[in-house]
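Residue strings, one per chain:
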Amino acid sequence: MKEKKAKKNLHIIEEIRFGSQESLSILFYKYNLIIIYFCMYRSLKQNQCSIVIKQIFMKIISTIHGYDEAKTPFISWFIIFIRNIILKFVRKNQDNLKQEIEFFTQFTLI
């Protein structure tokens, strides 16, 4: 059963490598719940989660070529991939929040 899923994933990955939007959609519907789970785990709001999902699928188009099925199963690679993008998003938003707080703390009310 696992071999059948692995072969199906490899077929989808190969099609994405050749620019198949349909295969990208299949990948989205197959794994979007994992992404949503990670977003919720990181306490992202719904609109932030939407942004992250778009970033993930935009980025996967350019990085799927680096995936090597001989090194790791796709699901492992994908989980690390989405985790890294979500963490980058969270860190960036924390930095933006810190900058906003620093900006507004310049104006003390007397």
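So, a few notes on the structure that sits alongside this text. (Residues numbered from 1 in each chain as written. Predicted model: local features only at pLDDT ≥ 70, side-chain atom pairs only at ≥ 80, totals over all residues. Heavy atoms only, no water.)

## Regarding helix α2 (residues 21-41)
Alright, step 1. Along its 21 residues, α2 runs 29 Å from first to last C-alpha, staying within 8% of the 30 Å computed at 1.5 Å per residue.
Alright, step 2. Of all the bends in α2, the largest measures some 55 degrees and sits at Tyr 31.
Alright, step 3. Where α2 is concerned, the buried positions are Ser 23, Leu 24, Leu 27, Tyr 31, Asn 32, Ile 35, Phe 38 and Cys 39.
Alright, step 4. A side-chain oxygen of the first residue of α2 lies 3.5 Å from the backbone nitrogen of Glu 22; this N-cap is Ser 20.
Alright, step 5. In the segment just after α2, Ser 43 is the residue with positive phi, at about 60 degrees. (Helix = DSSP H or I, 4+ residues; strand = E, 2+ residues; numbered from the N terminus. Expected span 1.5 Å × (residues − 1). Bend = angle between axes of the 7 residues up to and from the residue. Buried < 20%, exposed > 50% of the residue type's maximum accessible area, 1.4 Å probe, protein only. Polar contact = N/O pair within 3.5 Å; in protein donor to acceptor, adjacent residues only side chain to side chain.)

## Things to note about the packing of α2 against helix α3 (residues 46-63)
A pair of packed helices can be characterised by two numbers: the angle between their axes and the separation between those axes.
Alright, step 1. Two elements in contact, α2 and α3, have axes whose closest approach is 10 Å; the angle formed by their N-to-C orientations is 135 degrees. In terms of axis orientation, α2 runs oblique to α3. Taken as a pair, α2 and α3 cross one another with a handedness that is right-handed. Here α2 contributes Leu 24, Leu 27, Phe 28, Ile 35, Ile 36 and Cys 39 to the contact with α3, which in turn contributes Cys 49, Val 52, Ile 53, Ile 56, Phe 57, Ile 60 and Ile 61.
Alright, step 2. Of the residues belonging to the contact of α2 with α3, the class tally is 13 nonpolar, no polar and no charged. (Axes fitted to C-alpha atoms, helices over the stretch in contact; angles between N-to-C directions. Parallel < 35°, antiparallel > 145°, perpendicular 65-115°, else oblique. Left-handed = near helix turned anticlockwise from the far one by under 90°. Contact = heavy atoms within 4.5 Å. Nonpolar A, V, L, I, M, F, W, Y, C, P; charged D, E, K, R; others polar.)

## With respect to the packing of aromatic side chains
Alright, step 1. The full count for this structure, using the stated rule, is 13 aromatic pairs.
Alright, step 2. Ring centres of Phe 74 and Phe 78 lie 5.5 Å apart, and the angle between their planes is 25 degrees; this geometry places the pair in the stacked category. One end of the pair, Phe 74, and the other, Phe 78, are both in helix α4 (residues 74-105), four residues apart, so they sit about a helical turn from each other.
Alright, step 3. Here Phe 74 falls in the buried class, since its relative accessible area comes to 4%.
Alright, step 4. Taken together, the ring pairs in this structure connect Phe 28, Tyr 29, Tyr 31, Phe 57, Tyr 67, Phe 74, Trp 77, Phe 78 and Phe 81 into an aromatic cluster. (Phe/Tyr/Trp six-rings, centres within 6.5 Å; stacked < 30°, edge-to-face > 60°.)

## Here's the deal with the nonpolar core
Alright, step 1. Ranked by internal contacts, the top residues of the largest apolar core, which has 27 residues, are Ile 56, Phe 57, Ile 60, Phe 74 and Phe 78.
Alright, step 2. When residues of this core are assigned to their parent elements, the largest contribution, nine residues, is made by α4.
Alright, step 3. Setting aside chain neighbours within four positions, we find Phe 74 in contact with Asn 9, Ile 13, Leu 27, Tyr 31, Ile 64 and Tyr 67. (Core = buried A, V, L, I, M, F, W, Y, C linked by side-chain atoms within 4.5 Å.)

## Observations regarding the pattern of salt bridges
Alright, step 1. Within the structure shown, the criterion is met by one salt bridge.
Alright, step 2. Arg 17 is the partner of Glu 14 in a salt bridge, and the nearest nitrogen-oxygen pair spans 2.5 Å. Residue Glu 14 and its partner Arg 17 are both found in helix α1 (residues 2-17); the two are separated by three residues, about one turn of the helix.
Alright, step 3. Among the residues examined, Glu 14 registers a relative accessible area of 32% and is labelled partly exposed. (Salt bridge = Lys/Arg side-chain N within 4 Å of Asp/Glu carboxyl O.)

## With respect to the side chain of Arg 17
Alright, step 1. Among the residues examined, Arg 17 registers a relative accessible area of 19% and is labelled buried.
Alright, step 2. Setting aside its immediate chain neighbours within four residues, Arg 17 contacts Ile 64, His 65, Tyr 67 and Glu 69.

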